[in-house]
Amino acid sequence: PAVTSPCKILKCNSEFWAATSGSHHLGTEEAPEFCTALRAYAHCTRRTARTCRGDLAYHSAVHGIDDLMVQHNCSKDGPTSQPRLRTLPPGDSQERSDSPEICHYEKSFHKHSAAPNYTHCGLFGDPHLRTFTDTFQTCKVQGAWPLIDNNYLNVQVTNTPVLPGSTATATSKLTIIFKSFQECVDQKVYQAEMDELPAAFADGSKNGGDKHGANSLKITEKVSGQHIEIQAKYIGTTIVVRQVGRYLTFAVRMPEEVVNAVEDRDSQGLYLCLRGCPLNQQIDFQTIRSAQATEGRTRRKGPSLPAPPEAFTYETATAKCREKLPVEDLYFQSCVFDLLTTGDVNFMLAAYYAFEDVKMLHSNKDKLHLYERTRDLAPGNTAPSGTAPTLWVALLCLSQCWLGLL
C-alpha cells in the first residue's frame, strides 16, 4: 500500500470550524449548539488518536477542546450530531456580488487592452506533468515537491510509491495556499489527500474570508469526494482537483502575468509547472517499456528491475486505454505506461480526466494533444515538434518487438 499519513486531524478541524464559524461570537442561546459541535470534535479526535500520536496539530486540538469545554461550560456527555456547514445570513461576504473591480482579473483589463494570455499545467498518474510551456514529462519526484510558487499562491504535492519496491509514484497529498490579496481575499489553505477531498478550505470556509471581495475566491464541489473546482477570479485562475481511485490529479488555468509574478527571478525555476522536473527526475517511459520487454526474456535468470504487475500486457493495456483515449498522443501513451507499471485501471481514468481538464482549461484548442518526447534532451530544451513522425516510427517498432516477445 502507498505510504501516507492516516492521521485525520485536519478533517476534524475543518468539520468543527465549518460547523461553528461565528456561533461562539453570538449570544448564550448558541451555547448548546456549540457544545454539541465541540463534543463531535472530541469524538472525531478520539477516532483518529491511535494514528496521530506524533502529530503536533492533533495534540494542540485535544488541549484546545478541553479549554473550550471549560470556557463554555460544556458537558462531555451529551449529543454529538454531525457537524454541518452553517447557513450564511443575507449580506454575508460569500453572497456579495459587488466585489471591487480589482478583485476580478478579467474586468480589470480595459477594453483597449490586449486580452490576457492563459497557460495550463497539469499533473496526473505516475506522475505525468504538462508544464505551462506545454512540455510533457514523466517524473519520479517522490516526496514533497513545489508545483507552483509565485506572489499569489503556492501549490505543493506529495508523491508516494504505488507499489512496494517500484519506482512508480502517484500524488497522495496536495496543499494549495492562496495568499492574502489587498481587499479581495484573506489567506486560505486548501488541503487534500488520499480518500479526503474536502469541499472547503482548511478553516471550513468556502470563499475568501471576510474581505469585501471574498467572493472572488470560491470552492465548488462538482462530484462529492471526487472532483472540486476552485475559482480565483482575482487572479484569473481556475484549479481542478480530482481523486481518481486512491490518488489525486491537479490541473490549473492561469494567466502568464500571474505565472511570472515572482519577486526573486532566480528562484522561479524551482517549481515544476514552470520549469518541469529536474533532469535526473525525468523518466523516458519508451525506454522503460523496452527494458521491461527485455526483462521478460531474462526473468528466469533473476530480474534486475521490479517485476511489473501481470494484470496487463502491452496489447491489453493498449486496448483498454483506447476505450477512453482514441487519439494515440502522450496522454494515451501515459495511460498504457501506467497500466503496465501499476496494473491499476484507475490510472486509465486519471489520464482520461486529465485530458478532459485540458480541453476545459487550455486556451489554445490546437495544442490539446501532445506528441513530443517525454524527457528533455538537455536542461531547458524539448524535442522539436518535427521529430514526432520519427518518434512514432520508433514507437511502432518498439511495440511490434515487444508483442513478439510476449
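Up top you'll find the structure we're talking about.
Residues numbered from 1 in each chain as written. Predicted model: local features only at pLDDT ≥ 70, side-chain atom pairs only at ≥ 80, totals over all residues. Heavy atoms only, no water.

(A) Local environment of the packing of helix α7 (residues 314-324) against helix α8 (residues 330-342). One can describe the packing of α7 onto α8 by two numbers: an axis separation of 9 Å at closest approach and a directional angle of 130°. Relative to α8, the element α7 is oriented oblique. Viewed along their axes, α7 and α8 form a crossing whose handedness is right-handed. Residues Tyr 314, Ala 317, Thr 318, Lys 320, Cys 321 and Arg 322 of α7 form the contact with α8, whose own contacting residues are Phe 332, Cys 335, Val 336, Leu 339 and Leu 340. Of the residues contributing to the contact of α7 with α8, the split by class is eight nonpolar, one polar and two charged. (Axes fitted to C-alpha atoms, helices over the stretch in contact; angles between N-to-C directions. Helix = DSSP H or I, 4+ residues; strand = E, 2+ residues; numbered from the N terminus. Parallel < 35°, antiparallel > 145°, perpendicular 65-115°, else oblique. Left-handed = near helix turned anticlockwise from the far one by under 90°. Contact = heavy atoms within 4.5 Å. Nonpolar A, V, L, I, M, F, W, Y, C, P; charged D, E, K, R; others polar.)

(B) Spotlight on the sheet that holds strand β5 (residues 153-161). Strands sit in the order β4-β5-β6-β7 across an open sheet of four strands; the sheet is antiparallel. Only two strands of the sheet have a single neighbouring strand rather than two, namely β4 (143-149) and β7 (188-193). Taking each pair of neighbouring strands and ignoring which way they run, the sheet shows an average axis angle of 20°. Here nine bridges tie β5 to strand β6 (residues 169-178), and the two strands are oriented antiparallel to one another. Each bridged residue has a counterpart across the sheet, and for Leu 153 the counterpart in β6 is Phe 178. (Pairing = 2+ DSSP bridges.)

(C) Broad picture of the pattern of salt bridges. Here the structure, examined in full by the defined rule, presents six salt bridges. For Lys 320, the salt bridge is made with Glu 323, and the minimal N-O distance between the two is 3.5 Å. Placement of both Lys 320 and Glu 323 in helix α7 is noted, with a separation of three residues, approximately one turn of the helix. Its salt-bridge partner being Glu 328, residue Arg 322 comes within 2.5 Å of it at the nearest N-O pair. (Salt bridge = Lys/Arg side-chain N within 4 Å of Asp/Glu carboxyl O.)

(D) Fine view of the environment of Val 162. The topology assignment puts Val 162 in the loop between β5 and β6. Given the relative accessible area of 10%, Val 162 is considered buried. Remark: the alpha-carbon pair of Val 162 and Thr 341, spanning 179 residues in sequence, is separated by 9.2 Å. (Buried < 20%, exposed > 50% of the residue type's maximum accessible area, 1.4 Å probe, protein only.)

(E) The sheet that holds strand β2 (residues 128-130), seen in detail. Strand order in the open sheet made by the eight strands is β8-β9-β10-β11-β1-β2-β3-β12, with antiparallel pairing throughout. For this open sheet the edge positions go to β8 (217-223) and β12 (282-283), each flanked by a neighbour on one side alone. Two elements, strand β10 (residues 237-244) and strand β11 (residues 247-255), share seven bridges in a ladder whose sense is antiparallel. Counterpart to Val 240 in the pairing with β11 is Ala 251.

(F) View of the side chain of Thr 237. Mapped onto the elements, Thr 237 comes out in strand β10. Note on Thr 237: relative accessible area 2%, which makes it buried. At 3.0 Å, the side chain of Thr 237 and the backbone oxygen of Ile 235 are in polar contact. In contact with Thr 237, other than residues within four places in its own chain, are Ile 230, Gln 231, Ala 232, Val 252, Arg 253, Met 254 and Pro 255. (Polar contact = N/O pair within 3.5 Å; in protein donor to acceptor, adjacent residues only side chain to side chain.)

(G) Expanded view of the packing of α8 against helix α9 (residues 346-361). For the pair α8 and α9, interaxial distance at closest approach is 8 Å and the crossing angle is 160°. With respect to their mutual orientation, α8 and α9 come out roughly antiparallel. Our pair here, α8 against α9, has a crossing hand that is right-handed. Two secondary-structure elements touch here, α8 through Tyr 331, Cys 335, Asp 338, Leu 339 and Thr 342 and α9 through Phe 347, Met 348, Ala 351, Ala 354, Phe 355 and Val 358. Looking at the contact of α8 with α9 residue by residue, the class counts come to nine nonpolar, one polar and one charged.

(H) Just α9, in detail. Spanning 16 residues, α9 covers 22 Å between terminal C-alpha atoms, matching the ideal 22 Å at 1.5 Å per step. All of the buried residues along α9 are Phe 347, Met 348, Ala 350, Ala 351, Ala 354, Phe 355, Asp 357, Val 358 and Leu 361. (Expected span 1.5 Å × (residues − 1).)

(I) Spatial organisation of the state of the cysteines. The full count for this structure, using the stated rule, is six disulfides. Here Cys 12 pairs with Cys 44 through a disulfide, and the sulfurs are 2.0 Å apart. Negative torsions about the S-S bond denote left-handed disulfides, and the value of about -80° found for Cys 12 with Cys 44 makes this one left-handed. Here Cys 12, found in helix α1 (residues 9-20), pairs with Cys 44, found in helix α2 (residues 31-47); they are 32 residues apart in sequence, far enough to count as distant. Note that Cys 103 is cross-linked by a disulfide to Cys 184, the S-S spacing being 2.0 Å. With the S-S dihedral at roughly -95°, the linkage between Cys 103 and Cys 184 falls on the left-handed side. Here Cys 184 lies in the loop between β6 and β7 and Cys 103 lies in the loop between α3 (56-71) and β1 (118-124), a separation of 81 residues in the sequence. Across this residue pair, the class does not change: Cys 103 and Cys 184 are buried. (Disulfide = S-S within 2.5 Å.)

(J) Layout of the environment of Glu 221. Examined against the element boundaries, Glu 221 turns out to sit in strand β8. In this structure, the C-alpha to C-alpha distance between Glu 221 and Leu 197, residues 24 residues apart in sequence, is 9.5 Å.

(K) Representation of the pairing of strand β9 (residues 227-232) in the model. With five of its six residues buried, β9 lies for the most part within the structure. Across six bridges, β8 lies against β9 in antiparallel orientation. Note that in β9 the partner of Leu 217 across the bridge is Ala 232. In this structure, the hairpin formed by β8 and β9 is closed by a connection of three residues, where Gly 225 is found at a positive phi of approximately 75°.

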